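Okay, here's what each chain looks like letter by letter:
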Amino acid sequence: MLRRIHDKKPLIHHLTNTVTINDCANMTLALGGSPVMAEDLLEVEEMVGLADAVVINTGTINPDMRKAQLLAGKTANRLGKPVILDPVGAGATTLRTDFMKQLMEEITFTVIKGNASEIKTLLGQAARTKGVDVAEGESLDLQSVHAFASQTKQVIVVTGPVDFVTDGVRQHHLDVGTKRLGQVTGTGCMTASLIATFLGAGYGRFDAAVFGTYAMGKAGETAGNRPGIGSFRTGLFDAVSLMTEESLPEVQMNGQ
Amino acid sequence: MLRRIHDKKPLIHHLTNTVTINDCANMTLALGGSPVMAEDLLEVEEMVGLADAVVINTGTINPDMRKAQLLAGKTANRLGKPVILDPVGAGATTLRTDFMKQLMEEITFTVIKGNASEIKTLLGQAARTKGVDVAEGESLDLQSVHAFASQTKQVIVVTGPVDFVTDGVRQHHLDVGTKRLGQVTGTGCMTASLIATFLGAGYGRFDAAVFGTYAMGKAGETAGNRPGIGSFRTGLFDAVSLMTEESLPEVQMNGQ
Amino acid sequence: MLRRIHDKKPLIHHLTNTVTINDCANMTLALGGSPVMAEDLLEVEEMVGLADAVVINTGTINPDMRKAQLLAGKTANRLGKPVILDPVGAGATTLRTDFMKQLMEEITFTVIKGNASEIKTLLGQAARTKGVDVAEGESLDLQSVHAFASQTKQVIVVTGPVDFVTDGVRQHHLDVGTKRLGQVTGTGCMTASLIATFLGAGYGRFDAAVFGTYAMGKAGETAGNRPGIGSFRTGLFDAVSLMTEESLPEVQMNGQ
């Protein structure tokens with residue numbers, strides 16, 4: 001466990017999908033954070049007030065969840081709390097694309113993390129998706145992402161074979177991870193929870209984005225020798241829970 | 001991973017319960033498919049249009065989910081997409097039995113997979129259930145299932161100690177699996193996801209029903225030497241993710 | 001598996017949160033029970049009628065779930081079925097605290113199981129929480145808990161480094177478990193499912209509360225040698241599924 005996170009045990013409020021909600025909770029705990037999920041409109045604002053960071057994930061939206069996510073994001077902005085967007089499925093359906101536009105208009109995110117299709121959609125570019133996964137052969141001009149980050153003052157993470165992080169000033173490429181991470185549902189969602197946990201512990205937003213993304217990639221490498229995807233998945237949680245400051249040397253020097 | 005599925009990576013749209021939704025996603029991935037869960041009424045039709053197969057599972061219904069499932073099923077029929085029903089809990093409550101009737105009246109399913117109690121309920125026979133599990137000693141006349149499949153042009157899978165698959169013309173008995181599959185929640189739900197993945201990859205509906213059912217049974221046998229149910233459950237995902245064409249020799253010959 | 005539970009295979013109806021709902025189902029199965037989750041207002045009463053015990057867990061409430069939980073609890077009382085409350089997050093938000101008051105006014109629980117913050121909130125004492133976890137340094141006067149149990153005729157379980165069980169007459173301290181149980185989400189929720197399974201199998205309410213709490217602590221100890229939290233978590237299910245009558249010798253003598 002990482003000391004700074006362990007000492008603060010930041011409370012990470014998730015408004016997320018029902019598919020990977022358990023994984024997000026356990027991954028937050030694995031890194032040393034404290035997850036909470038609360039989506040009743042009558043308690044969203046109060047819970048955001050208690051939280052150290054907020055995660056908004058659009059994996060399985062419905063009318064109530066959309067209202068709760070807008071309310072949570074706006075409350076986080078008002079209170080100056082870090083809020084991260086995982087725009088799952090952006091571009092896949094009109095509803096999701098429209099909802100992303102609304103989120104982008106009404107909320108300023110501390111970090112936005114998505115795959116190439118999702119980020120393209122947020123940039124207003126035509127994207128090709130396969131449900132909630134990036135379509136094969138999807139390409140993305142990283143300089144347009146950098147410009148978007150600069151213009152909107154949001155850190156953007158594009159996950160892929162090489163992950164890309166930009167805050168509009170700095171850029172970071174992470175050549176870490178394994179293709180097998182795509183064979184387990186929710187590794188993207190869990191990456192957002194990791195970033196949020198770093199944010200909630202007080203790391204800067206660029207560092208948090210790099211560290212969280214790195215942690216998941218590194219966990220994939222560590223677990224990579226387990227043959228089936230069930231064991232590999234278990235190994236991801238093992239690896240994150242056993243990480244120490246020393247696990248992230250390059251990135252720390254780079255980020256601080 | 002199986003070649004034909006791996007090459008197409010079919011998109012499997014699930015409208016399913018909150019208990020085993022993560023397992024269904026991971027099992028779809030384990031076999032080589034791409035899962036997506038979308039239940040907002042504003043995007044159901046569009047997502048069905050993108051999908052290669054649709055799974056409707058009644059494990060935890062509520063008014064919105066019931067509407068979404070009816071809409072998804074009717075859209076699948078209209079677009080000629082494969083749609084599979086897992087009638088979880090049919091017969092357990094009046095609501096579930098009534099909802100099944102409505103599903104059967106308004107939608108023609110490519111495959112219906114259930115335990116003896118659930119299939120009896122669909123056939124209009126009095127069934128004995130224990131919540132979402134089959135009651136002990138429940139018996140089912142397989143010839144009435146065969147006749148029902150013939151009459152309604154739907155493939156029916158009855159899971160049990162020996163699984164039974166019929167399309168109204170052909171019949172197949174599968175003596176594969178282990179009692180321990182009943183000690184892990186969602187192995188039935190996951191079987192439906194496996195069948196849907198075979199369907200979405202373009203296998204014929206009878207073959208897909210046999211292969212999906214066989215894959216789960218075989219995974220149970222492969223994982224069977226792991227002592228506790230936690231490890232056994234992990235082993236199910238391992239086994240499916242490591243399956244190859246050669247894992248299913250008899251069934252392929254039989255089904256093709 | 002424990003004989004008495006195995007023979008009856010009690011049906012445990014859960015109205016619970018979306019974070020740990022799968023874990024609760026699998027833990028119920030691991031002990032030998034049969035889980036069912038049904039929250040549609042149109043079937044709640046009928047399902048309670050079929051169940052051997054009911055679990056109400058407030059981890060992720062919303063307006064419909066709150067109605068369903070009130071209906072389930074009142075129906076259980078009317079039908080004389082055991083009903084257990086896991087007041088997740090009591091004290092964290094006004095909504096949760098108010099909802100707990102309503103639950104306590106309208107329903108008599110067979111067993112209430114919570115951490116120190118949650119139980120303090122139920123007692124009307126000011127509590128400090130961290131989302132759904134107990135705040136560090138939270139203290140609780142156990143004699144006030146004992147008095148509350150006596151006055152309301154409910155068994156109360158306070159989980160913590162040493163667990164405390166009281167029915168207002170008897171008291172039991174359980175020095176079992178490991179801090180690592182707090183690093184996996186839902187171990188508290190799963191404890192409620194275990195208690196409910198003992199209740200549903202016909203154990204007395206004080207015994208069931210002690211046994212269920214003990215089983216989770218013991219599972220934590222058994223799994224404690226697995227290094228990462230992914231493997232540790234898998235080990236919890238393994239351990240419970242491999243428990244036998246002999247696993248609980250002291251407690252049985254104590255409780256019967």
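Residues numbered from 1 in each chain as written. Chains lettered and ligands numbered in written order. Predicted model: local features only at pLDDT ≥ 70, side-chain atom pairs only at ≥ 80, totals over all residues. Heavy atoms only, no water.

Focus: the overall build of chain A
The number of helices and strands found in chain A is 11 helices and 10 strands. For chain A, whose C-alpha radius of gyration is 16 Å, the value lies close to the compact-globule estimate of 18 Å for 256 residues. C-alpha extents for chain A along the principal axes are approximately 40 × 40 × 35 Å. In chain A, which comprises 256 residues, the proportion classed as buried is 64%. In chain A, the share of contacts with a sequence separation of at least 24, taken over all contacts with a separation of at least 6, comes to 68%. Total accessible area on chain A stands at roughly 8,600 Å², and carbon and sulfur atoms take up 51% of it. On chain A, the mean spot of the 23 positive side-chain charges and the mean spot of the 27 negative ones are 1 Å from each other. (Helix = DSSP H or I, 4+ residues; strand = E, 2+ residues; numbered from the N terminus. Rg over C-alpha atoms; globule rule 2.2 N^0.38 Å. Buried < 20%, exposed > 50% of the residue type's maximum accessible area, 1.4 Å probe, protein only. Contact = heavy atoms within 4.5 Å. Areas by Shrake-Rupley, 256 points an atom, 1.4 Å probe, with all protein chains shown as cover. Lys, Arg positive; Asp, Glu negative; His and termini not counted. Charge placed at Lys NZ, Arg CZ, Asp CG, Glu CD.)

Thoughts on the UniProt feature "binding site: substrate" in chain A
Feature annotation in UniProt places "binding site: substrate" on Met-37 and Gly-186 of chain A, given in this structure's numbering. Tracing the sequence through the fold places Met-37 of chain A in strand E2 (residues 34-37). Of the residues examined, Met-37 of chain A reaches a relative accessible area of 5% and is grouped as buried. Residues within four places of Met-37 of chain A in sequence aside, it is in contact with His-13, His-14, Ile-21, Cys-24 and Ala-25 of chain A together with Val-19, Gly-59, Thr-60 and Arg-96 of chain C. You can see Gly-186 of chain A is positioned in the loop between strand E10 (171-174) and helix H8 (187-200). Residue class for Gly-186 of chain A comes out buried when judged on its relative accessible area of 10%. (UniProt positions renumbered as here; feature names shortened; annotations may be inferred.)

Some details on the interface of chain B and chain A
The interface is formed by 28 residues belonging to chain B together with 30 residues belonging to chain A. Here chain B and chain A share an interface that buries about 2,300 Å² over both sides, 54% of which is from carbon and sulfur atoms. Contact with chain A buries surface across chain B, with Asn-22, Asp-40 and Glu-43 of chain B losing the most and accounting together for 20% of the total. Applying the counting criterion to the chain B and chain A interface returns 2 salt bridges. Its salt-bridge partner being Asp-40 of chain B, residue Arg-66 of chain A comes within 2.9 Å of it at the nearest N-O pair. In this assembly, chain B and chain A are joined by 13 residue pairs in polar contact (both at pLDDT 80 or more). Every element with two or more residues in the side of chain B that touches chain A is listed here: helix H2 (21-31), strand E2 (34-37), helix H3 (44-50) and helix H10 (229-241) of chain B. For the side of chain B that touches chain A, the residue count by class is 15 nonpolar, 6 polar and 7 charged. (Buried area = accessible area lost by both parts, 1.4 Å probe. Salt bridge = Lys/Arg side-chain N within 4 Å of Asp/Glu carboxyl O. Polar contact = N/O pair within 3.5 Å; in protein donor to acceptor, adjacent residues only side chain to side chain. Nonpolar A, V, L, I, M, F, W, Y, C, P; charged D, E, K, R; others polar.)

Some points on the pairing of strand E5 (residues 111-115) of chain B
Within a regular strand, the side chains alternate between the two sheet faces. Residue and element names in this part refer to chain B. By the criterion of burial, E5 is predominantly enclosed, with 5 of the 5 residues buried. Alternating residues of E5 divide into Val-111, Lys-113 and Asn-115 and Ile-112 and Gly-114, and every residue in both groups is buried. Across 2 bridges, the pairing between strand E4 (residues 83-86) and E5 is parallel. Looking across to E5, one finds that Leu-85 is bridged to Ile-112. (Pairing = 2+ DSSP bridges.)

Thoughts on the sheet that holds strand E1 (residues 11-15) of chain B
Residues and elements named next belong to chain B. Reading across from one edge, E2-E1-E3-E4-E5-E8-E9-E10 is the order of the 8 strands in this open sheet, with mixed pairing throughout. Among the strands making up the open sheet, the edge pair consists of E2 and strand E10 (171-174). Each neighbouring strand pair of the sheet contributes to a mean axis angle of 20°, computed without reference to strand direction. In this structure, strand E8 (residues 155-159) lies alongside strand E9 (residues 163-166), joined through 3 bridges in antiparallel fashion. (Axes fitted to C-alpha atoms, helices over the stretch in contact; angles between N-to-C directions.)

Concerning the relation of the copies chain B and chain A
Placing chain B over chain A gives an RMSD of 0.0 Å and needs a rotation angle of 120°, together with 0.0 Å of translation along the axis. Here the transformation between the copies is reduced to the relation of a three-fold axis. Scanning chain B for the C-alpha nearest the rotation axis identifies Thr-18 of chain B, at a separation of 3.7 Å. Both copies present different contact surfaces, since only 7% of the interface residues of chain B are interface residues in chain A too. (Least-squares fit on C-alpha atoms with pLDDT ≥ 70 in both.)

As for the relation of the copies chain C and chain A
Between chain C and chain A, the superposition needs a rotation of 120° and an axial shift of 0.0 Å, giving an RMSD of 0.0 Å. The residues that chain C uses at the interface reappear at the interface of chain A in only 7% of cases, marking distinct surfaces.

Quick word on the packing of helix H9 (residues 205-223) of chain A against helix H10 (residues 229-241) of chain A
All names here are of chain A. Following both chains from N to C, one finds H9 and H10 inclined at 125°, their axes separated by 8 Å at the closest point. In terms of orientation, H9 lies oblique with respect to H10. The hand of the H9/H10 crossing is right-handed. Facing H9, whose interface residues are Ala-215, Ala-219, Gly-220, Thr-222 and Ala-223, H10 presents Phe-232, Gly-235, Leu-236, Ala-239 and Val-240. Classifying every residue of the contact of H9 with H10 gives 7 nonpolar, 3 polar and no charged. (Parallel < 35°, antiparallel > 145°, perpendicular 65-115°, else oblique. Left-handed = near helix turned anticlockwise from the far one by under 90°.)

Brief notes about the sheet that holds strand E1 (residues 11-15) of chain A
Residue and element names in this part refer to chain A. The 8 strands lie next to each other as E2-E1-E3-E4-E5-E8-E9-E10, forming an open sheet whose pairing is mixed. Both outer strands of the open sheet, E2 and E10, are each paired with one neighbouring strand and no more. Each strand axis lies, on average, 20° off the axis of its neighbour in the sheet, ignoring direction. Lying on the sheet, helix H2 (residues 21-31) is in contact with E1 and E2; it crosses E2 at an angle near 155°.

Structural notes on the pairing of strand E3 (residues 53-57) of chain A
Residues and elements named next belong to chain A. Along E3, 5 of the 5 residues are buried, which leaves the element largely enclosed by surrounding structure. Here E3 shows a buried face lined by Ala-53, Val-55 and Asn-57 and a second buried face lined by Val-54 and Ile-56. The pairing of E1 with E3 spans 4 bridges and is classified as parallel. Bridge assignment links Ile-12 to a residue of E3, and that residue is Ala-53. Bridge count between E3 and strand E4 (residues 83-86): 4 bridges; the pairing is parallel. Bridging from a neighbouring strand, Asn-57 pairs with Asp-86 of E4. In this fold, the crossover linking E3 to E4 by way of helix H4 (residues 63-79) has right-handed handedness. (Right-handed = clockwise from strand over helix to strand, strands pointing away.)

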